[in-house]
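# Topology and contacts: notes
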Amino acid sequence: MYGFINLNKSAGFTSHDCVARVRRILRLKRVGHAGTLDPAATGVLPMALGKATRLLQFLPSHKAYHARIKFGVTTTTDDLEGETLTVQSVPHLQLEQIQEILPQFIGKIEQVPPIYSAIHVQGKRLYHLARKGEVIQVPSRTVEVFDLKILNWYPGEFAELEIAIACGSGTYIRSIARDLGAILNTGATLANLIRTESSGFSLENSLTLETLETQVQQQTFSPLSPNIPLNHLTKIILNYESIKRWFQGQSIVVENQIIEDRPVSVYDQNHQLLGIGKLIETPEQILLAPQVVLTEN
């Protein structure tokens, strides 16, 4: 089996749980996912099947979320799953105050990941160190937020804000909630998170684990083509002679190509994906060098 699943992850499942469940449903060993989602979060979790797992690193990094932020509360995990650290009512907090500072979170920003997160520090995942009670200085890193829009505002003792966020990979929405509360001196935590887009897939076209299981039982399931998430890459189509060289792992001379600093997708004349390559410019010619060669069907 070969291709992708646009999975709509339910709350309470880790991304690893979803991989294990898909393996059991499809009776398939090679299953991977793109873009880890926290257990409490729901929404798009792209799954790769079979040799498509080799393509995960080439999927687009753009992601989008709908988030609900609760003001007046801080927690150990920067969401409602953690232990409460501080509580203060914020009945006088106004939407106009938030609107003034939201532009600070758009563009390339410095962000400190949550202490309970899956990134590696000192060779170990942060959440493992946090659970042991170790005090770790988490380094900040640069992430990019492309757009941030207010969807709804709920004033009150513990006011809540719903926003839509489009961002690059590595952006923690929990950190945005935490930092927004810090700037306002109210404290804040992430109350709910739905990923609406990830790696070329969108929520409206996703399916749940339950739907996947039903489709498999009814023999109606069909994996999504890799062409969907790889649509952002420049396509190169090879002729029959070049395909032979491609499967032998040899570089191929190509013409009328513009050198770009990213991979290209490689197809045969029937638009069957052959793999991923890289364009290399030499003084005499432009070469297509294989990076991932998918085995012949």
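From a predicted model like this one, the values you see are computed outputs, not experimental measurements.

Check the secondary structure of the chain and you find six helices and 18 strands. Reported as C-alpha extents along the three principal axes, the dimensions of the chain are approximately 70 × 50 × 40 Å. In the chain, which comprises 297 residues, the share counted as buried stands at 46%. By element, 48% of the accessible surface of the chain is carried by carbon and sulfur atoms, the whole surface being about 15,400 Å². Looking at charge distribution, the chain has the averaged site of its 27 positive side-chain charges lying 9 Å from that of its 28 negative ones.

Before going further, it helps to examine the UniProt feature "domain: tRNA pseudouridylate synthase B C-terminal" (unreviewed entry) in the chain. Here, UniProt's "domain: tRNA pseudouridylate synthase B C-terminal" (unreviewed entry) annotation points to residues 174-238. Taken end to end, residues 174-238 comprises 31% helix and 26% strand; its first and last C-alpha atoms sit 45 Å apart.

Let us look at helix α1 (residues 15-26). Taking 1.5 Å per residue as the helical rise, α1 with its twelve residues ought to reach 16 Å, and the 17 Å between its terminal C-alpha atoms agrees with that figure. Listed as buried for α1 are S15, C18, V19, R21, V22, I25 and L26. Viewed end-on, α1 has its buried residues packed into an arc of 165°, placing them on one side of the element. Every exposed residue of α1 that faces more than 90 degrees away from the buried side is listed here: H16 and R24. Where α1 is buried, its residues meet β1 (3-9), β2 (31-33), β3 (42-49) and α5 (209-217). With its phi angle positive at about 55°, R27 sits one or two positions after the end of α1.

One open sheet accounts for five strands, arranged β14-β16-β17-β18-β15; its pairing is mixed. Here the strands that pair on one side only, and so sit at the sheet edges, are β14 (234-237) and β15 (252-254). Between one strand axis and the next, the sheet turns by 45° as a mean value, whatever way the strands run. The pairing of β15 with strand β18 (residues 286-293) spans three bridges and is antiparallel. By the bridge assignment, I252 is partnered in β18 with L288. Sheet strands touched by helix α6 (residues 240-247): β15, β16 (264-267), β17 (273-281) and β18. Its angle to β17, the strand with the most contacts, is close to 90°.

Definitions and limits used
Residues numbered from 1 in each chain as written. Predicted model: local features only at pLDDT ≥ 70, side-chain atom pairs only at ≥ 80, totals over all residues. Heavy atoms only, no water. Helix = DSSP H or I, 4+ residues; strand = E, 2+ residues; numbered from the N terminus. Buried < 20%, exposed > 50% of the residue type's maximum accessible area, 1.4 Å probe, protein only. Areas by Shrake-Rupley, 256 points an atom, 1.4 Å probe, with all protein chains shown as cover. Lys, Arg positive; Asp, Glu negative; His and termini not counted. Charge placed at Lys NZ, Arg CZ, Asp CG, Glu CD. UniProt positions renumbered as here; feature names shortened; annotations may be inferred. Expected span 1.5 Å × (residues − 1). Arc of directions from axis to C-beta. Contact = heavy atoms within 4.5 Å. Pairing = 2+ DSSP bridges. Axes fitted to C-alpha atoms, helices over the stretch in contact; angles between N-to-C directions.

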